[in-house]
Amino acid sequence: MFQVSKPLVLAAVGLLVVSACTKTAKLDNDQQKASYAIGQQIGSNMKSQSVDVDVDALSAGLTDAIKGKEARLKPEEMQAAMGKLQEASMKKHQESGEKNTAEGKAYLEKNKANANIKSTASGLQYEVVKDASGAKPKATDVVSVHYTGTLINGTKFDSSVDRGQPAEFPLNGVIPGWTEGLQLMS
């Protein structure tokens, strides 16, 4: 028999749930609402993993298995198909990673030409937006900060400013760039 990874199983179940939910599902009782919530969670997980499947074939496989029908493919055919799916997924992720790395390097190269940008020995780039004086935090301190996170294209993905509440965390408990950069600020 062949092995299937848990994320892939969740993705498969999610696709079935998603295809079933495209029909106007009733959400009148707790079971229906919970089922819908599970479908939403699994669907979101699948979307983030970019699993490429044929929904009708997936549905047929799940239905056959649940009804105890004999599989339409031999175990070795299923194993080969799963291997190809995994290969395609890995290739897609690798290509995406290579593209992101190239774009990131180009951004940093262009960014360091900006006269307002400072760089550290580690390669961290930062800009002092407003000078301040006073003590600087140590890596072992707990800090309270307002921040706005953006992608290199300027798209905002997170902001404590928008939430109206600063983030508070131990400085040595976050990504190295934050730990290093915040210690440079008063």
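In what follows, the structure referred to is the one given above.
None of these values were measured; they are calculated from a predicted model.

Caption draft 1: Main features of the packing of aromatic side chains. Applying the stated criterion to the full structure yields two aromatic pairs. The interplanar angle of 50° and the centroid separation of 5.4 Å between the aromatic rings of Phe169 and Trp178 together place this pair among those described as tilted. Clustering of aromatic rings is evident, with ring pairs tying together Tyr147, Phe169 and Trp178.

Caption draft 2: Quick look at the nonpolar core. Core analysis: the largest hydrophobic core is formed by seven residues, namely Val143, Val145, Tyr147, Ala167, Phe169, Leu171 and Leu182. Looking at this core, the elements with two or more residues in it are β3 (142-145) and β6 (167-170). With residues up to four places along the chain from it excluded, the contact list for Ala167 reads Val143, Ser144, Val145, Tyr147 and Ser160.

Caption draft 3: View of the side chain of Ser159. Examined against the element boundaries, Ser159 turns out to sit in strand β5 (residues 156-159). Among the polar contacts listed, one links the side chain of Ser159 to the side chain of Thr148, at a separation of 3.3 Å. Contact partners of Ser159, with chain neighbours within four places excluded, come to Tyr147 and Thr148.

Rules and cut-offs
Residues numbered from 1 in each chain as written. Predicted model: local features only at pLDDT ≥ 70, side-chain atom pairs only at ≥ 80, totals over all residues. Heavy atoms only, no water. Phe/Tyr/Trp six-rings, centres within 6.5 Å; stacked < 30°, edge-to-face > 60°. Core = buried A, V, L, I, M, F, W, Y, C linked by side-chain atoms within 4.5 Å. Buried < 20%, exposed > 50% of the residue type's maximum accessible area, 1.4 Å probe, protein only. Helix = DSSP H or I, 4+ residues; strand = E, 2+ residues; numbered from the N terminus. Contact = heavy atoms within 4.5 Å. Polar contact = N/O pair within 3.5 Å; in protein donor to acceptor, adjacent residues only side chain to side chain.

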